[in-house]
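Observations on chain architecture
Given next are the chains, with one letter for each unit.
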Amino acid sequence: EIISVTGHRRWDSRARPTVEVVVRTAAGTGRALAPAGASTGSGEAVDLRDGGDAFGGHDVTRAVAAVNGDIAAALTGMDVTGQAAVDQRLEELDGTPGFSRIGGNAAVATSMAVAHAAAAARGVPLWRHLDPAATRLPLPEIQVFGGGAHAHGRLDIQDLLVVPLAAGSFAQALDWAAEIHRSAGRWLDERGRLAGTADEGGWWPAFDSNAEALEALVAAIEGAGLTPGDQVGIAIDVAATQFGSGGTYRLAREGREYDRDGWGEVLLGWLDRFPIVSVEDPFAEDDPDGMALITKAAGDRIQIVGDDFLVTDAERVRAAAARRTANTVLIKPNQAGTLTRARAALDAAAESGLGAIVSARSGETEDVTIVHLAVGWGSGGFKVGSSTRGERTAKWNEMLRVEEELGTAARYAGRAGLAP
Ligand code: PGA
Ligand code: ZN
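Residues numbered from 1 in each chain as written. Chains lettered and ligands numbered in written order. Predicted model: local features only at pLDDT ≥ 70, side-chain atom pairs only at ≥ 80, totals over all residues. Heavy atoms only, no water.

What counts, and what does not: UniProt positions are given in the numbering used here, feature names are shortened, and annotations may be inferred rather than shown by experiment.
As recorded in an unreviewed UniProt entry, the protein chain goes by the name Enolase, listed as coming from Actinomadura montaniterrae. Here the protein chain is described in UniProt, under the heading Sequence similarities (unreviewed entry), as follows: "Belongs to the enolase family." In its Pathway (unreviewed entry) section, the UniProt record describing the protein chain reads: "Carbohydrate degradation; glycolysis; pyruvate from D-glyceraldehyde 3-phosphate: step 4/5."

This is the structure in structure tokens:
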């Protein structure tokens, strides 16, 4: 039984306030922090912010107050192991489709804290609480270069990531990513192209074109003594909603504009030239025809991932499966607002033959809930940002702890973590 629910104002990795929720029971306490996106889809649960001048309008005193007021009153006395009932209560309490009243940030932190409290009450890690039989470690996508909304548009593509397909374990996957990160930094430094680091800790490079960034990533993989393609694949998050709308795509870096078909040709050209195994949001959220075009052309050999396009929504996932506009869904709990809703999107993907990648946001904290969801829900993929920065290493290190705890039972998904 839930004894108390309290909300607290904490900080995230972009120096913005965020919501922490603590759920207490007689048998154990759970704690969770809400993350925040920068390149958000319009269909996401509302990240409730105060507005005004302080912290760029990003303060969360209203969301924290909602936790300490309505949410605490509604959840106190409920069964902490009844996640679905708790999440249902949050939806009823809010009364809007997107949690615009209590805040998706208040809702998701509460929902995650309840899950942690339930696991603590049973005395097991959250991943084991979710699935006692889980043994699979997901295939990680690890950022090397950041761009888009996370690097002031210095690159049109938002994320260039590596996928350690042939690593023997999650631990080795991280070893490889760290060597590639170092190698990429060296490559940029030697050419005077190092401009800083992006929001998720990847290098922020001064490239002249998106293709040059892909070339540099291949060089960085080789520079780390690894084979691009066979051992390490490339994933990109195009985050095209940021530079495309109405079927038109404007590349600021290259000063070029494309229509849907033209942009599709650019993307397919990259797929021919580079060992790309996964492409996220290649077309804008308002362009299902674009998503269908690339899924038809390449969806039988690489992952086509919907992030802004699917916003962790079960209905949208089913529609995407029916119309073949993606073959994988990115799962971000705060897009959905509750764990039950996020889980429904993942289940919808499994039922429709789509893959799933559990993902962090660009604004993060030391919270490690998504590690436990990825293992306990059995997602094929896992995406957290770069090899650097504490809010990222918090997740990587937690996954290493899970791998160690599983011991000889641990199975690294490797290439099998990719859809299709
Ligand atoms: P976001 O970026 O958290 O800013 O949305 C992450 C992503 O697009 O995958
Ligand atoms: Zn994305």
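Let's pick the thread back up.
Some remarks on the site of ligand 1
Where we set the bar: What makes a residue near a molecule or strand is one non-hydrogen atom of that residue sitting within 4 Å of it. In protein, a polar contact requires one atom able to donate a hydrogen and another able to accept it; more generally it is a pair of N or O atoms within 3.5 Å, and residues adjacent in sequence count only if both atoms are side-chain atoms. Computed with the Shrake-Rupley method and a 1.4 Å probe, the accessible areas treat only the protein chains shown as cover for residues. Note that Gly is not counted as nonpolar here; it falls among the polar residues with everything else outside the nonpolar set of Ala, Val, Leu, Ile, Met, Phe, Trp, Tyr, Cys and Pro and the charged set of Asp, Glu, Lys and Arg.
Around ligand 1 there are 14 residues in total, and A38, Q158, R361, S362 and K383 lie nearest to it. Taking D307, its side chain carries an N or O atom lying 3.0 Å from an oxygen atom of ligand 1. R361 has a polar side-chain atom sitting 2.8 Å from an oxygen atom of ligand 1. About the coverage of ligand 1: the protein hides 99% of its 280 Å² of free accessible area. Here the shell around ligand 1 is built from residues that sort into two nonpolar, five polar and seven charged.

Considerations on the packing of helix α2 (residues 83-94) against helix α11 (residues 339-351)
Keep this limit in mind: Interaxial angles span 0 to 180 degrees and are taken between N-to-C directions of axes, which are lines fitted to C-alpha atoms, for helices over the stretch in contact. Going along the chain from the N terminus, every DSSP run of H or I of four or more residues is numbered as a helix, and every run of E of two or more is numbered as a strand. Should an angle lie under 35 degrees it is considered roughly parallel, over 145 roughly antiparallel, and from 65 to 115 roughly perpendicular; all remaining angles are considered oblique. By definition in these notes, contact holds between two residues if any of their heavy atoms fall within 4.5 Å.
Two elements in contact, α2 and α11, have axes whose closest approach is 8 Å; the angle formed by their N-to-C orientations is 110 degrees. The pairing of α2 with α11 is recorded here as roughly perpendicular in orientation. The residues of α11 that touch α2, namely those facing Q83, A84, D87 and E91, are L339, T340 and R341. The class makeup of the residues in the contact of α2 with α11 is two nonpolar, two polar and three charged.

A look at the pairing of strand β16 (residues 355-359)
Put simply, the rule is: Burial classes follow relative accessibility: with a 1.4 Å probe on protein chains only, a residue under 20% of its type's maximum area counts as buried, one over 50% as exposed, and anything between as partly exposed. Strand pairing is assigned whenever DSSP detects at least two bridges linking the two strands. A crossover counts as right-handed when, viewed with the strands pointing away from the observer, the path leading from the first strand over the helix to the second turns clockwise.
Burial within β16 is extensive, with five of its five residues counted as buried. The two faces of β16 match: G355, I357 and S359 on one face and A356 and V358 on the other face are all buried. With four bridges joining them, strand β15 (residues 328-331) and β16 adopt parallel strand pairing. Of the residues in β16, the one forming a bridge with T328 is G355. In this structure, β16 lies alongside strand β17 (residues 381-386), joined through three bridges in parallel fashion. Directly across from S359, in β17, lies its bridge partner K383. Of the crossover connections in this fold, the one passing from β16 over helix α12 (residues 369-376) to the parallel β17 is right-handed.

Notes on the packing of aromatic side chains
Heads up, the rule is: When the centres of two rings from Phe, Tyr and Trp lie within 6.5 Å, Trp using its six-membered ring, the rings pair. Their planes under 30 degrees apart give stacked, over 60 give edge-to-face, and anything left gives tilted. Geometrically, a lysine NZ or arginine CZ counts as sitting over a ring once it is within 6 Å of the ring centre and also within 35 degrees of the ring normal.
Under the defined criterion, the tally for this structure stands at 12 aromatic pairs. Summarising the aromatic geometry, the rings of W11 and F55 are spaced 5.3 Å apart at their centres and angled 80 degrees between planes, so their arrangement reads as edge-to-face. Pair noted here: W11 is in strand β1 (residues 2-11) and F55 is in the loop between β3 (29-33) and α1 (61-75), with a separation of 44 residues, a long-range link. Relative accessible area serves as the criterion here: at 43%, W11 is assigned to the partly exposed category. When its relative accessible area of 39% is taken as the criterion, F55 is described as partly exposed. Seen from their ring centres, F243 and Y249 are 6.3 Å apart, and the 75 degrees between their planes marks the pair as edge-to-face. According to the relative accessible area criterion, Y249 is buried, its value standing at 0%. Put simply, the rings of F243, Y249, Y258, W263, W270 and F283 pair up and form one aromatic cluster. Above the ring of W187, the side-chain terminus of R191 is found at 4.0 Å from the ring centroid.

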